Each structure stands twice: as structure tokens, then as C-alpha cells.
Amino acid sequence: QMALRYKEHDPFATGKINKIVKELKAGESREKAYYNVIDRADAYYDKDMLALALKTYKKALTIIPGDSYALGRTKTIHRQQTVERKQLTAYNRYMKSGDSLLSLNRFNAAIATFEKAENLFPDKPMAPDKLILSRQMQHAWLNRKKLAQKEIETAGRYLLTKNYADALQHYQKADSLNPGNQ
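Residues numbered from 1 in each chain as written. Predicted model: local features only at pLDDT ≥ 70, side-chain atom pairs only at ≥ 80, totals over all residues. Heavy atoms only, no water.

1. Notes on the overall build of the chain
Of the regular secondary structure elements, the chain holds seven helices and zero strands. Listing every helix and strand of the chain by position from the N terminus yields α-α-α-α-α-α-α. When burial is assessed residue by residue, the chain has 26% of its 182 residues classed as buried. Look at the contacts in the chain between residues 6 or more apart in sequence, and 46% of them connect residues 24 or more apart. Within the structure as shown, the chain displays about 13,000 Å² of accessible surface, and the carbon and sulfur contribution to it stands at 56%. (Helix = DSSP H or I, 4+ residues; strand = E, 2+ residues; numbered from the N terminus. Buried < 20%, exposed > 50% of the residue type's maximum accessible area, 1.4 Å probe, protein only. Contact = heavy atoms within 4.5 Å. Areas by Shrake-Rupley, 256 points an atom, 1.4 Å probe, with all protein chains shown as cover.)

2. Some remarks on the packing of aromatic side chains
For the coordinates displayed, the defined rule picks out four aromatic pairs. With centroids separated by 6.4 Å and ring planes inclined at 75 degrees, the aromatic side chains of tyrosine 57 and tyrosine 69 adopt a geometry described as edge-to-face. Taken together, the positions of tyrosine 57 in helix 3 (residues 50–63) and tyrosine 69 in helix 4 (residues 68–103) put the pair twelve residues apart, joining distant regions of the chain. Seen from their ring centres, phenylalanine 107 and tryptophan 141 are 5.7 Å apart, and the 50 degrees between their planes marks the pair as tilted. (Phe/Tyr/Trp six-rings, centres within 6.5 Å; stacked < 30°, edge-to-face > 60°.)

3. Details of the nonpolar core
Grouped together as the largest cluster of nonpolar side chains are 14 residues, with contacts concentrated most on Tyr34, Ile38, Tyr45, Tyr57, Ala70 and Ile77. Secondary structure elements with two or more residues in this core: helix 2 (11–46), helix 3 and helix 4. At seven residues, helix 3 tops the list of elements feeding residues into this core. Ignoring sequence-local partners within four residues, the contact set of tyrosine 34 consists of Ala60, Ile63, Ile64, Asp67, Tyr69 and Ala70. Core analysis: the next-biggest nonpolar cluster, separate from the first, contains twelve residues, Tyr91, Leu102, Phe114 and Leu131 among them. (Core = buried A, V, L, I, M, F, W, Y, C linked by side-chain atoms within 4.5 Å.)

4. Overview of a nonpolar patch on the surface
On the surface, Leu159, Tyr164 and Tyr171 cluster together into a nonpolar patch covering about 290 Å² of accessible area. Following the sequence through the fold, leucine 159 ends up in helix 6 (residues 126–160). Given the relative accessible area of 35%, leucine 159 is considered partly exposed. (Patch = residues over 30% accessible without salt bridge, like charges linked within 9 Å, V, L, I, M, F, W, Y side chains within 5 Å. Salt bridge = Lys/Arg side-chain N within 4 Å of Asp/Glu carboxyl O.)

5. Structural notes on the packing of helix 3 against helix 4
The interhelical angle for the contact between helix 3 and helix 4, taken along N-to-C directions, is 155 degrees, at an axis separation of 9 Å. One element, helix 3, and the other, helix 4, form an angle in the roughly antiparallel class. Considering only the axes of helix 3 and helix 4, their crossing is left-handed. Contacts from Leu50, Ala51, Ala53, Leu54, Tyr57, Lys58 and Leu61 of helix 3 reach helix 4 at Tyr69, Ala70, Leu71, Arg73, Thr74, Ile77, His78, Gln80, Gln81 and Glu84. (Axes fitted to C-alpha atoms, helices over the stretch in contact; angles between N-to-C directions. Parallel < 35°, antiparallel > 145°, perpendicular 65-115°, else oblique. Left-handed = near helix turned anticlockwise from the far one by under 90°.)

6. As for the packing of helix 4 against helix 6
The contact between helix 4 and helix 6 brings their axes to 11 Å, and the two run at 15 degrees. Of the possible angle classes, the one that applies to helix 4 and helix 6 is roughly parallel. Regarding helix 4 and helix 6, the two cross each other, and that crossing is left-handed. Residues Tyr91, Met95, Asp99 and Leu102 of helix 4 lie in contact with helix 6, whose contacting residues are Met126, Ala127, Lys130, Leu133, Ser134 and Met137.

7. What to know about the confidence of the model for the chain
Keep in mind that low pLDDT regions are not for reading the predicted coordinates in detail. For the chain, per-residue confidence averages 87 on the pLDDT scale, and residues scoring 70 or more make up 82% of the total. The secondary-structure element of the chain with the lowest mean pLDDT is helix 1 (residues 2–6), recorded at 51, while helix 5 (residues 107–120) shows the highest, at 96. (pLDDT = per-residue confidence, 0-100.)

Below is the structure:
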């Protein structure tokens with residue numbers, strides 16, 4: 001502008017000023033586009049939509065490469081995703097272990113294992129459902145065990161009176177209620 005004061009309508013100075021103004025406007029529009037993308041990425045991040053947020057932050061980095069805010073957010077998301085993957089692996093391991101323990105009628109251990117899974121992901125319905133099932137199975141197993149014990153006691157009384165047929169019948173019923181007398 002000083003050059004134009006000395007020499008009005010100088011084509012070289014006017015060209016340089018126009019070029020600078022154009023670059024400033026381009027920078028402003030690029031910055032505006034960047035902030036629009038960042039706002040969208042932040043909204044995804046706040047809604048815990050990490051995959052979309054990460055993709056959008058990366059898009060912002062194509063507009064302004066090396067931006068510390070977008071780079072920081074992408075690193076944070078990568079850390080969060082790593083933690084979530086580890087938690088999911090542990091959750092799946094607990095669920096598998098709990099199923100295995102349940103199949104062996106180790107109800108207390110199965111319940112404890114399903115509780116660990118539930119603590120990792122309280123909103124997933126699978127662990128609470130397995131806890132309910134485990135407790136129901138444990139209750140039913142304890143009832144069968146009590147009934148089997150009563151049958152064994154009754155069979156013992158029949159043995160004392162040397163009524164072997166009835167004793168055998170009650171022992172068989174006890175065995176059917178609690179196979180292997182566990």
C-alpha cells in the first residue's frame with residue numbers, strides 16, 4: 001500500500017496486494033472449513049462415537065496438517081480404543097470361563113466370574129443374564145441335593161428293616177436327583 005501512495009495505480013504493487021488479499025481470504029476459508037470439521041469431530045467424540053470422531057479429526061488434519069489439537073485428540077482416541085479392546089478381551093475371557101465353570105456346577109466361581117464381566121461392561125445384558133441363570137441353577141441344584149439326601153435317609157431306614165427293594169428304589173431316586181452323589 002505504501003508503494004501505491006508513491007506511485008498510484010502501479011500494476012506491480014496492485015498485483016501483489018491482490019495476491020496477498022486472495023491468500024488471506026483462502027486462509028480464512030480454509031480455517032473456517034477446519035473449524036467446521038473440528039466441531040463435527042468434537043460432537044462425535046462427545047457422543048462416544050470414537051471411530052467417526054477419529055476419521056473426522058484425520059480429515060481436519062488434511063486441512064491443517066500438524067494441528068496440535070487434532071493430533072492430540074487422535075492420540076487420545078487411539079489410547080481409548082486400546083483400553084476398550086483390552087476390556088473386551090477380558091470380558092469375553094470372563095464370559096467363556098464363567099460358562100465353563102457353570103457347566104461343571106461350580107456355581108460360586110461362575111457367579112464371581114460373571115460379576116467380573118458385568119463390572120467391565122455393565123450395560124451389556126449378557127453377563128447379568130448369566131448371573132441370573134447361575135443363581136437359578138445353583139438354587140435348583142441345592143434343592144435336588146436336599147431331596148437326594150432325604151431319599152438316601154429313607155433308603156437307609158429301609159435297609160435297617162431289610163426291605164432291600166424299597167431301599168434300592170430310594171437310592172436310585174437319590175442318584176437320579178444328584179448323579180454321582182456330588
